[in-house]
Amino acid sequence: MKYPAFAFLVLLATAGCGKVSTELGSDTIQSRTFSSVTVAASATLKANLSSLCFTLNDKEISLRTNFVNTSGRFNYNVVQNNCGAEEVTSQVRASVVLVSGALQYNVLSGDYFNSQVETRSAGVISALCADIDNLTQPLVSGNVALRYDMTSGSECGNSTNSRCVIVETALKQPDGKFLVTKVDKFQLDVTAGVMTGNVVNHEHWNYALCDQGKKLVNKATFTGITN
């Protein structure tokens with residue numbers, strides 16, 4: 001099943017083949033470097049991602065129908081640690097708007113918000129939804145590769161209605177291997193309804209903005225919707 005833009009991976013470079021931890025509380029990844037060798041993604045992972053991608057498609061429809069051009073405000077608690085410096089916090093209020101036909105957050109108040117609208121066609125996870133039948137591990141396009149995994153249950157908030165996805169974005173190095181520059185960890189609520197597919201926790205790491213061995217860490221926790 002093909003959906004737009006496998007080339008979207010190239011965009012991720014400007015903004016991860018082994019098992020990695022998808023627990024949002026984990027502060028390490030298995031290795032920041034990995035080989036360019038790819039294998040077919042497992043049937044189980046494809047099936048799980050396919051289900052999630054359909055949920056993200058429903059989410060996009062719901063956002064466009066119920067939240068664009070309305071008074072609904074998405075609220076988040078944000079914590080950021082900049083390359084090992086003291087943590088800073090903020091309460092963010094954002095609306096969902098259309099920009100050139102694409103869904104985006106418009107931050108109305110607060111700081112340090114590093115999340116984008118995650119749907120089947122846009123956001124970090126959308127690259128995994130683009131061509132599930134031919135999904136490889138890692139997913140490679142030119143000089144960019146994604147190493148990824150998905151979990152549920154006890155490894156994802158102990159909720160039957162939560163799905164966790166980790167995506168590591170890596171850039172090709174002169175030796176041919178890939179080096180992870182960014183990590184995104186998502187916990188999504190897949191409960192059917194208006195808020196299906198909502199990201200309740202998003203943790204973003206960025207190694208490229210810091211000295212070697214350090215990373216920027218940004219955590220956004222959804223706290224509800226207000227008018």
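Up top you'll find the structure we're talking about.
Calculation criteria
Residues numbered from 1 in each chain as written. Predicted model: local features only at pLDDT ≥ 70, side-chain atom pairs only at ≥ 80, totals over all residues. Heavy atoms only, no water. Helix = DSSP H or I, 4+ residues; strand = E, 2+ residues; numbered from the N terminus. Buried < 20%, exposed > 50% of the residue type's maximum accessible area, 1.4 Å probe, protein only. Areas by Shrake-Rupley, 256 points an atom, 1.4 Å probe, with all protein chains shown as cover. 1 Å grid on protein atoms, 1.4 Å probe; cavity = no way out; pocket = protein on both sides within 12 Å on 5 of 7 lines; lining within 4 Å. Points joined across faces, edges and corners; volume = space filled by probe spheres on them. Nonpolar A, V, L, I, M, F, W, Y, C, P; charged D, E, K, R; others polar. Contact = heavy atoms within 4.5 Å. Disulfide = S-S within 2.5 Å. Core = buried A, V, L, I, M, F, W, Y, C linked by side-chain atoms within 4.5 Å. Expected span 1.5 Å × (residues − 1). Salt bridge = Lys/Arg side-chain N within 4 Å of Asp/Glu carboxyl O. Phe/Tyr/Trp six-rings, centres within 6.5 Å; stacked < 30°, edge-to-face > 60°. Lys NZ or Arg CZ within 6 Å of the ring centre and 35° of its normal.

What is the right way to look at the overall build of the protein chain in this model?
For the protein chain, the helix and strand inventory stands at 3 helices and 12 strands. Every one of the 227 residues in the protein chain was classed for burial, and the buried ones make up 47%. When the accessible surface of the protein chain is split by element, carbon and sulfur atoms take 49% of a total near 10,700 Å².

How should empty space enclosed by the protein be read in this particular structure?
Remark: the empty space left among the atoms is shown by a probe the size of a water molecule rolled over them. By volume, the largest cavity amounts to about 90 Å³. Along its surface, the largest cavity is lined by Lys 59, Tyr 76, Tyr 105, Ser 115, Gln 116, Glu 118, Phe 186, Val 199, His 202 and Ala 220. If you trace the second largest cavity, you find it lined by Lys 59, Ser 62, Leu 63, Phe 67, Phe 74, Val 194, Met 195, Thr 196 and Asn 198. The dominant element in the lining of the second largest cavity, judged by the number of residues it contributes, is helix α2 (residues 43-66), at 3 residues. When its residues are assigned to classes, the lining of the second largest cavity shows 5 nonpolar, 3 polar and 1 charged.

Got a minute to help me understand the side chain of Ser 62 in this structure?
Mapping Ser 62 onto the fold places it in helix α2. When near neighbours in sequence (up to four residues on either side) are disregarded, Ser 62 contacts Phe 67 and Val 194.

Would you take a moment to explain the state of the cysteines for this structure?
Throughout this description, disulfide means a covalent bond between two cysteine sulfur atoms. According to the stated counting rule, one finds 3 disulfides in the structure shown. Each disulfide pairs two cysteine sulfurs, and for Cys 156 the partner residue is Cys 164, the sulfurs being separated by 2.2 Å. Linking Cys 156 and Cys 164, the disulfide has an S-S dihedral of approximately 80 degrees and is accordingly described as right-handed. A residue is classified by how much of its surface remains accessible, and Cys 156, at 0% relative accessible area, is buried. Taken in N- to C-terminal order, the disulfide-linked cysteines of the protein chain are connected 1-3, 2-6, 4-5.

Any chance you could explain the nonpolar core here in plain terms?
Buried together is how nonpolar side chains tend to be arranged in soluble globular proteins. By size, the foremost hydrophobic cluster in this structure holds 23 residues, and its most contacted members are Ile 125, Leu 128, Tyr 148 and Val 165. Secondary-structure elements contributing two or more residues to this core are α2, α3 (126-129), β8 (144-153), β9 (159-172) and β10 (178-189). If one sorts the elements of this core by residue count, α2 sits on top with 5 residues. Listed in part, the 15 residues of the second largest apolar core include Val 68, Phe 74, Phe 113 and Ala 220.

Help me understand α2 in this model?
Helical geometry: 3.6 residues make up each α-helical turn, so side chains three or four residues apart lie on a common side. Taking 1.5 Å per residue, 24 residues should reach 34 Å; α2 reaches 34 Å between its end C-alpha atoms and fits that length. Listed as buried for α2 are Leu 45, Lys 46, Leu 49, Ser 50, Leu 52, Cys 53, Thr 55, Leu 56, Lys 59, Glu 60, Ser 62 and Leu 63.

Would you mind going over the pattern of salt bridges with me for this structure?
Two side chains bearing opposite charge may form a pair once their charged atoms approach each other closely. Taken as a whole and judged by the stated rule, the model has 2 salt bridges. The closest approach of N and O atoms between Glu 168 and Arg 147, which form a salt bridge, is 2.7 Å. Remark: Arg 147 occurs in strand β8 and Glu 168 occurs in strand β9; sequence separation between them is 21 residues. There is no split in this pair, since Glu 168 and Arg 147 are both buried.

Quick question: what am I supposed to make of the environment of Ile 29 here?
Note that Ile 29 resides in the loop between α1 (8-14) and β1 (33-34). Ile 29 has contacts with Arg 147, Glu 168, Val 180, Val 183, Trp 205 and Tyr 207, leaving out every residue within four places of it along the chain.

I would appreciate a short explanation of the packing of aromatic side chains in the present structure.
Given two aromatic rings, their pairing is described by the distance between the two centres and the angle made by the two planes. Applying the stated criterion across every chain, the model contains 9 aromatic pairs. Consider the rings of Tyr 76 and Phe 222, whose centres lie 5.7 Å apart with planes at 65 degrees: the pair is edge-to-face. One end of the pair, Tyr 76, is in strand β3 (residues 73-81); the other, Phe 222, is in strand β12 (residues 216-226), and 146 residues separate them in sequence. Across this residue pair, the class does not change: Tyr 76 and Phe 222 are buried. With a centroid separation of 5.5 Å and an interplanar angle of 70 degrees, the aromatic rings of Tyr 105 and Phe 113 are classed as edge-to-face. In this structure, Tyr 105 and Phe 113 share a single accessibility class: buried. Aromatic rings pair up to connect Phe 67, Phe 74, Tyr 76, Tyr 105, Phe 113 and Phe 222 into one cluster. If you follow Arg 120 out to its NZ or CZ, it ends over the ring of Phe 54, 4.5 Å from the centre.

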